[in-house]
Amino acid sequence: MPAPHLQSYKDRAAKHSNPAARALLQCMEAKKSNLAVSVDVTTTNDFFDIIEVVAPHVCLIKTHVDILEDWNPGVTTRLQHLSRQHNFLIFEDRKFADIGNTVALQYSNGLYKISSWAHIVNAHPVPGPSIITGLASVGMKSQEGRGLLLLAEMSTRGALTTGSYTIDAVRMARAHPEFVIGFIAQHRMEGVGLSGTENAVDEDFLILAPGVGLDAKDDKMGQQYRTPTEVVTQCGCDVIIVGRGIIGTGRDIDAEKVREQARRYQTAGWEAYEKRIVTNQLHAK
């Protein structure tokens, strides 16, 4: 049996125990898309203008609702409606980073009540395992299925998410597979942090990779970009996260240009995935 990431999204969905991970893999297969669009804008008009255009081409919409200057509770109601209408999941890029009790409150309460509408959230493993148990105490109670990603690696130059930090993040996830569905990372994590007696043959953590670009290689703030082929085919990541490569500056939205770029990245990401699967099938013969 090939490693999980060398199997199809459809086959992996059939075996995944977490409902959010299963729903994401099923969506990816149905839409032939492993594209997540990061909608980092500051007004709800721009936010929804972008989502309406890219929705048919994505498996995931990544949000930062706390940067919306005119946020109101109707925003998440409308976002959930679009999620159902266009078959995509919602990933709130909250990057929780506090003790268990605090993150549980941040996840379920406050202005945004994130657990009520976001299928997936993420967290820094810095506080230790209590951050997972705190978030899981909320997310695991949801009837709609929720999942957590840990930040194991980042795409910015000079990031400290390397070495023992990454190893400990994977070990923490491995201890909580019912809620942790994968990582924000740049590579596969199978085998990372395993002792000589441990076995991760059936381990299937999703890898969502930021820093994907078809044109730029870096920006002026330390971000570094790799192509979908590098990310998906060569490094085995599952979802490409694209922001400015599709939405531009996020101001004065040109709907046709955004749509064209979304199609372009959807095609590139899916072709990179198909190449990965076909290459594995050829090697297996």
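Scroll up a little and you will see the structure.
Just so you know, these numbers come straight off a predicted model, no measurement behind them. (Residues numbered from 1 in each chain as written. Predicted model: local features only at pLDDT ≥ 70, side-chain atom pairs only at ≥ 80, totals over all residues. Heavy atoms only, no water.)

## Concerning the overall build of the chain
And step 1. The number of helices and strands found in the chain is ten helices and eight strands.
And step 2. For 285 residues, the compact-globule formula gives about 19 Å, and the C-alpha radius of gyration of the chain, at 18 Å, lands near that figure.
And step 3. C-alpha extents for the chain along the principal axes are approximately 55 × 45 × 35 Å.
And step 4. Looking at the chain as a whole, 55% of its 285 residues are labelled buried.
And step 5. Within the chain, residue pairs in contact and separated by at least 24 positions form 73% of the contacts whose partners lie at least 6 positions apart.
And step 6. With the model as given, the accessible surface of the chain reaches about 12800 Å², and the carbon-plus-sulfur share is 52%.
And step 7. The chain carries 30 positive and 32 negative side-chain charges, and their two centres are separated by 3 Å. (Helix = DSSP H or I, 4+ residues; strand = E, 2+ residues; numbered from the N terminus. Rg over C-alpha atoms; globule rule 2.2 N^0.38 Å. Buried < 20%, exposed > 50% of the residue type's maximum accessible area, 1.4 Å probe, protein only. Contact = heavy atoms within 4.5 Å. Areas by Shrake-Rupley, 256 points an atom, 1.4 Å probe, with all protein chains shown as cover. Lys, Arg positive; Asp, Glu negative; His and termini not counted. Charge placed at Lys NZ, Arg CZ, Asp CG, Glu CD.)

## Things to note about the pairing of strand β7 (residues 206-209)
And step 1. Every second residue of β7 is oriented toward a common face, with Leu206 and Leu208 on one face and Ile207 and Ala209 on the other, all of them buried.
And step 2. As paired elements, strand β6 (residues 180-184) and β7 share three bridges and run parallel to each other. When the bridges of β7 are listed, Phe183 appears paired with Ile207.
And step 3. Of the strand pairs in this sheet, β7 and strand β8 (residues 239-242) are connected by two bridges, and their pairing is parallel. Within the sheet, the bridge partner assigned to Ala209 lies in β8 and is Ile240. (Pairing = 2+ DSSP bridges.)

## Remarks on the sheet that holds strand β1 (residues 35-38)
And step 1. Within the closed barrel, the eight strands sit side by side as β1-β2-β3-β4-β5-β6-β7-β8. Their pairing is parallel. The average angle at which neighbouring strand axes cross in this sheet is 25°, direction not considered.
And step 2. With respect to the sheet, helix α7 (residues 164-174) is in contact with β5 (147-151) and β6, its orientation differing from that of β5 by roughly 165°. (Axes fitted to C-alpha atoms, helices over the stretch in contact; angles between N-to-C directions.)

## As for the pairing of strand β2 (residues 60-63)
And step 1. Alternating positions in β2 separate into two faces, Leu60 and Lys62 on one and Ile61 and Thr63 on the other, with burial throughout.
And step 2. Across three bridges, β1 lies against β2 in parallel orientation. Within β2, the residue paired with Val37 across the bridge is Ile61.
And step 3. Taken together, β1, helix α3 (residues 44-54) and β2 constitute a β-α-β crossover, and its handedness is right-handed.
And step 4. Summarising the sheet, β2 and strand β3 (residues 89-96) pair through four bridges and their orientation is parallel. Counterpart to Thr63 in the pairing with β3 is Glu92.
And step 5. Remark: the β2/helix α4 (residues 74-86)/β3 crossover connection has right-handed handedness. (Right-handed = clockwise from strand over helix to strand, strands pointing away.)

## So, the layout of surface pockets
One water molecule sets the probe size; rolling that probe over the atoms shows where empty space is left.
And step 1. If you add up the space inside the largest pocket, you get close to 650 Å³.
And step 2. Lining the largest pocket are 28 residues, with Ser38, Asp40, Lys62, Gln223 and Arg244 positioned closest to its centre.
And step 3. Broken down by secondary-structure element, the contributors of at least two residues to the lining of the largest pocket are β3, β8 and α9 (244-247).
And step 4. No other element matches the three residues that β3 contributes to the lining of the largest pocket.
And step 5. Taken together, the residues of the lining of the largest pocket sort by class into eleven nonpolar, ten polar and seven charged.
And step 6. Estimates place the volume of the second largest pocket at around 360 Å³.
And step 7. Breaking the lining of the second largest pocket down by element, the ones donating at least two residues are α1 (9-15) and β6.
And step 8. Its residues placed into classes, the lining of the second largest pocket shows nine nonpolar, four polar and six charged. (1 Å grid on protein atoms, 1.4 Å probe; cavity = no way out; pocket = protein on both sides within 12 Å on 5 of 7 lines; lining within 4 Å. Points joined across faces, edges and corners; volume = space filled by probe spheres on them. Nonpolar A, V, L, I, M, F, W, Y, C, P; charged D, E, K, R; others polar.)

## Thoughts on the pattern of salt bridges
And step 1. Summed over the entire model, instances satisfying the criterion amount to 13 salt bridges.
And step 2. Put simply, Arg12 and Asp238 hold a salt bridge, and the shortest N to O gap is 2.7 Å. Here Asp238 lies in the loop between α8 (228-234) and β8 and Arg12 lies in helix α1, a separation of 226 residues in the sequence. Here Arg12 matches Asp238 in class, with each residue buried.
And step 3. Of the charged contacts in the structure, one is a salt bridge between Arg264 and Asp215, with a shortest N-O distance of 2.9 Å. Within this pair, whereas Arg264 is found in helix α10 (residues 255-284), its partner Asp215 is found in the loop between β7 and α8, the two being separated by 49 residues in sequence.
And step 4. In this structure Asp215 comes out as exposed when scored by relative accessible area, which is 55%.
And step 5. One connected set of salt bridges, linked through shared partners, spans Arg12, Arg188, Glu190, Asp204, Asp238 and Arg276. (Salt bridge = Lys/Arg side-chain N within 4 Å of Asp/Glu carboxyl O.)

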